[in-house]
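Coordinate analysis (summary)
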Amino acid sequence: MRVFNVLAPLGLGALACASSSSDCRCIYGETCWPNTTQFDQLQGQISQPLLHPLPPASPCYPPSDPSGNCTAVNQGWGDGNWRSSQDGAMQSTNWETFTFKNGTIDACYLNTTITKICEQGSVPVVGVDAREPSDIQAAVNFAVEHNLRLVVKNTGHDYLGRSTARGSFMIWTHNMKNITYNSSFVPEGAPATESYEAITLGAGVQWHEAYDAIQAQGRVMVGGASAGGSVGAAGGWVLGGGHSSLAPSFGLGADNVVEMGVVLSTGEYVVANSYQRPDLFWALRGGGGGTYGVVTHVTYHTYPSFPVAAVFFEANTTNTDVMQTVFTEFTRIHPAISDAGWSGYALISSEAMGFFYIAPNTSVAQANATFDPFFTFAQNLTSQGLIVSNYTVPFDSWYSWYTTLFNTTGQVGGNSQISSRLLPRESFENNYEQLAKTLFALPGGYSWNFVAGGEVSRIDPDSVAVNPAWRDALVEVAYGESWDEGATSGEIDALISQLKQSMAAVSAITPNSGAYYNEASLYEVDFQYTFFGEHYPSLLAIKDKYDPHRLFVVAKGVGSEEWDSELRCRS
Ligand SMILES: Cc1cc2nc3c(=O)[nH]c(=O)nc-3n(C[C@H](O)[C@H](O)[C@H](O)COP(=O)(O)OP(=O)(O)OC[C@H]3O[C@@H](n4cnc5c(N)ncnc54)[C@H](O)[C@@H]3O)c2cc1C
């Protein structure tokens, strides 16, 4: 494939005369960037050809004579599995762009008429297509030796853009696809009598692959939900906590880890579990992706499969007062439906609301007994213009519910920034009207992830690094702002200002809570407390111990306050 306007003319040339000081990471275009001989030496140590990632729309350029299959690009643009198979793609396209201090945006838009040229933006310049821990070890050693700005990318789903950076060197874990089920897995260093029915996933396994594998064993595991199951099952999801519709039954993803393999910045490959390096093991379970090392695989608990009851509800109206009334009642009932074992997802705006909830080992009659009062409440509002539908469906397994709903594409391929808040049970019990009113006022609606409570709340908050605020929460709410490609930096800034206002309002109504780092905003005022709570000082000490080269730096991650806003130079 030909390369158009990437690399040389990218504005990175402006850096060519600068040389990196030891307090700054070296990026492409600087004199410190490794030369061809040095990259050849690296090539000799790894199993796959070095990658030279390009923005995913690059095959569509130049518009007059596209260099690749632009039809495939258009077809794949909104498909999370297609995007994760592209070494240069993120799932939210804004992270592929770069905004200069003067407001100019470096981008390679799908709409080729906007700038007519494809620019590299924040897409890494060189990468290692890791297949084995030894590939990662070689890449880590190379990054340390040359003081490179390193990124670790798996699927690129990150909402804070943590898996990409302009001018960076990338470790891409996407192709580490090994899956092993072991009905008597003994953690390294554990007594032989301690065994688990466990599944081990390579760092690049995605949820659709993990679910197919565990279903084949007649079992289930705690995992994420996204169109096509494209989120990574053994990367940022679990390292940041990992919520799931099964979390209220079995705990968060981080609560379900038995063991992990990790390459540290020293280049050493280590195992972390309750017996080997328990402090590192603690930090990796919720203390943030891309921070302590590169995880090579994760071993998870699994559980026998079970049937679920599912309820579906949809309401529409142009009367926002009526919708707010429905939403307020919906908010009020959550402590009770949590106690009855329910979980799931909802999308809410001033004119539409829909939810799909499940409960394990629950009959249709039990489901209806729980939800009928709410359905009746909503039906009684039809005279005021509310259009309502609801139904209850039994599924023979969680897997059949999941595949029925999520075997699709979408959710990705747009420009957005979001924020998150963990809504405490206490707010539902003591202040639900004000809570509902504040959320309902958010412009553009919000996602309502009813993935906490139950077992999440019963687990010792200090047993893993996950933000302790999860243990008091019932719901994680996520909301944001989105824009079309080609928007100016001024237009985007205005949307970010709106996002900050929304964040201030939601924080004010839940003052002692926090946010879910994996679905959070770059603009949290006190990110240390908001994302990590009282675990932050311990996490920082563990980071210092296991990352002596301070190689792993991500936006708003543990230790990131040492760095400037581009995470290039120590501030
Ligand atoms: C459509 C969509 C649906 C989602 N659904 C859910 C959901 O159901 N539950 C939920 O909890 N979250 C969900 N998320 C959020 C998701 O957990 C985060 O985006 C998460 O960061 C994705 O991790 P990843 O490895 O797939 O992505 P990446 O963007 O590749 O990685 C994210 C972060 O983890 C780091 N990282 C990745 N792999 C490794 C590794 N092997 N070692 C060390 N660091 C690594 C990266 O450096 C980066 O900092 C969803 C996001 C999207 C866009």
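Residues numbered from 1 in each chain as written. Predicted model: local features only at pLDDT ≥ 70, side-chain atom pairs only at ≥ 80, totals over all residues. Heavy atoms only, no water.

Our focus in this paragraph is the nonpolar core. For soluble globular proteins, nonpolar side chains are generally found buried alongside one another. By size, the foremost hydrophobic cluster in this structure holds 79 residues, and its most contacted members are Tyr300, Trp398 and Trp401. The element best represented in this core is helix H8 (residues 278–284), accounting for 5 residues. Within the second largest apolar cluster, 44 residues are counted, among which are Leu381, Leu439, Phe440 and Tyr479. (Core = buried A, V, L, I, M, F, W, Y, C linked by side-chain atoms within 4.5 Å. Buried < 20%, exposed > 50% of the residue type's maximum accessible area, 1.4 Å probe, protein only. Helix = DSSP H or I, 4+ residues; strand = E, 2+ residues; numbered from the N terminus.)

This next bit is on the environment of Gly341. Along the chain, the position of Gly341 falls in the loop between helix H10 (334–339) and strand E14 (343–348). C-alpha separation for the pair Gly341 and Gly236, spaced 105 residues apart in sequence, amounts to 27 Å. Those residues within four positions of Gly341 in sequence are excluded, and the remaining contacts are Ile358, Ala359 and Pro360. (Contact = heavy atoms within 4.5 Å.)

Another aspect to go through is the sheet that holds strand E10 (residues 269–273). Pairing between the strands of a sheet is mediated by backbone hydrogen bonds and can be parallel or antiparallel. Spatial ordering of the open sheet is given by E6-E7-E11-E9-E10, a layout of 5 strands whose pairing is antiparallel. Each having just a single partner strand, strand E6 (179–185) and E10 make up the two edges of the open sheet. Sheet twist, expressed as the average angle between the axes of neighbouring strands with direction ignored, equals 20 degrees. Relative to strand E11 (residues 294–301), strand E7 (residues 196–202) runs antiparallel, the two sharing 5 bridges. The partner of Gly202 across the bridge, within E11, is His297. Strands E6, E7 and E11 of the sheet are contacted by helix H5 (residues 207–215), whose axis makes an angle of about 45 degrees with E6. (Pairing = 2+ DSSP bridges. Axes fitted to C-alpha atoms, helices over the stretch in contact; angles between N-to-C directions.)

In the region of the ligand, 32 residues are neighbours, and Val152, Asn154, Thr155, Ser163 and Tyr516 sit closest. At 2.6 Å from an oxygen atom of the ligand is found a side-chain nitrogen or oxygen belonging to Ser163. Between the ligand and the protein, one listed contact pairs an oxygen atom with a backbone N or O atom of His243 at 2.7 Å. Starting from 950 Å² of accessible surface for the ligand in isolation, the protein chains cover 98%. At the level of elements, strand E4 (150–153), helix H6 (236–239) and E11 are the ones that each hand at least two residues to the shell around the ligand. A total of 3 residues in the shell around the ligand trace back to one element, the largest contributor, which is H6. Its residues assigned to classes, the shell around the ligand shows 11 nonpolar, 17 polar and 4 charged. (Near = heavy atom within 4 Å. Polar contact = N/O pair within 3.5 Å; in protein donor to acceptor, adjacent residues only side chain to side chain. Areas by Shrake-Rupley, 256 points an atom, 1.4 Å probe, with all protein chains shown as cover. Nonpolar A, V, L, I, M, F, W, Y, C, P; charged D, E, K, R; others polar.)

All right, on to the domain arrangement of the chain then. Each assigned domain of the chain is listed here: domain 1 (12–172), domain 2 (179–304 + 533–562) and domain 3 (308–528). Taking only C-alpha atoms, the centre of domain 1 and the centre of domain 3 are 34 Å apart. Residue-level contacts link 21 residues of domain 1 with 22 residues of domain 3. Here domain 1 meets domain 3 over a buried area of about 1,700 Å², counting both sides, of which 54% is carbon and sulfur. For the pair domain 1 and domain 3, the interface holds 0 salt bridges. (Domains from an automatic or database assignment. Buried area = accessible area lost by both parts, 1.4 Å probe. Salt bridge = Lys/Arg side-chain N within 4 Å of Asp/Glu carboxyl O.)

Residues that lie three or four places apart on an α-helix share one face, since the helix turns once every 3.6 residues. Between the first and last C-alpha of helix H16 (residues 489–509) there are 30 Å, a value that for 21 residues agrees with the 30 Å anticipated at 1.5 Å per step. Buried residues of H16: Ser489, Ile492, Ile496, Leu499, Ser502, Met503, Val506 and Ile509, and no others. Seen end-on, H16 carries its buried residues on one side only, within an arc spanning 145 degrees. What points out from H16, more than 90 degrees from its buried face, is the exposed set Gln501 and Ala508. The elements touched by buried residues of H16 are strand E1 (98–99), strand E2 (105–106), strand E17 (415–424), helix H13 (425–440) and strand E19 (473–483). (Expected span 1.5 Å × (residues − 1). Arc of directions from axis to C-beta.)

Before going further, it helps to examine the state of the cysteines. For the structure on display, the rule yields 4 disulfides. In this model Cys60 forms its disulfide with Cys70; the gap between the sulfur atoms is 2.1 Å. Between Cys60 and Cys70 the disulfide shows an S-S torsion of about 95 degrees. By sign, it is right-handed. Linking Cys60 in the loop between helix H1 (36–43) and helix H2 (70–76) with Cys70 in helix H2, this pair joins segments that are 10 residues apart in sequence. According to the relative accessible area criterion, Cys60 is buried, its value standing at 2%. Across the disulfide, Cys108 is cross-linked to Cys118 (sulfur-sulfur distance 2.2 Å). The chirality of the disulfide connecting Cys108 with Cys118 is left-handed, given an S-S dihedral of about -105 degrees. Note that Cys108 is positioned in the loop between E2 and strand E3 (126–129) and Cys118 in the loop between E2 and E3, a separation of 10 residues in sequence. In the chain, the bonded cysteines, taken in the order they occur along the sequence, pair up as 1-8, 2-3, 4-5, 6-7. (Disulfide = S-S within 2.5 Å.)

This part is about the sheet that holds E17. Ordered by their spatial adjacency, 7 strands build an open sheet running E16-E13-E15-E14-E18-E19-E17, and the pairing between neighbours is antiparallel. Of all the strands in the sheet, the pair left with one neighbour each is strand E16 (387–395) and E17. The sheet shows a mean angle of 15 degrees between the axes of neighbouring strands, taken without regard to direction. On the sheet, helix H11 (residues 364–379) packs against strand E13 (308–316), strand E15 (352–360) and E16 and is oriented at approximately 175 degrees with respect to E16.

A few words on the packing of H5 against helix H12 (residues 398–406). Packed helix pairs are specified by the crossing angle of their axes together with the interaxial distance, meaning the distance between the axes. The contact between H5 and H12 brings their axes to 11 Å, and the two run at 150 degrees. Here H5 is positioned roughly antiparallel relative to H12, judged by the angle of their axes. When the axes of H5 and H12 are compared, the crossing they make is left-handed. Of the residues in H12, those in contact with Tyr211, Asp212 and Gln215 of H5 are Trp398, Tyr399 and Tyr402. (Parallel < 35°, antiparallel > 145°, perpendicular 65-115°, else oblique. Left-handed = near helix turned anticlockwise from the far one by under 90°.)

Turning next to the side chain of Arg166. Mapped onto the secondary structure, Arg166 falls in the loop between E4 and strand E5 (169–172). In terms of polar contacts, Arg166 uses its side chain to reach the side chain of Asp106, at 2.9 Å. At a separation of 2.8 Å, a polar atom in the side chain of Arg166 contacts the main-chain carbonyl oxygen of Gly121.

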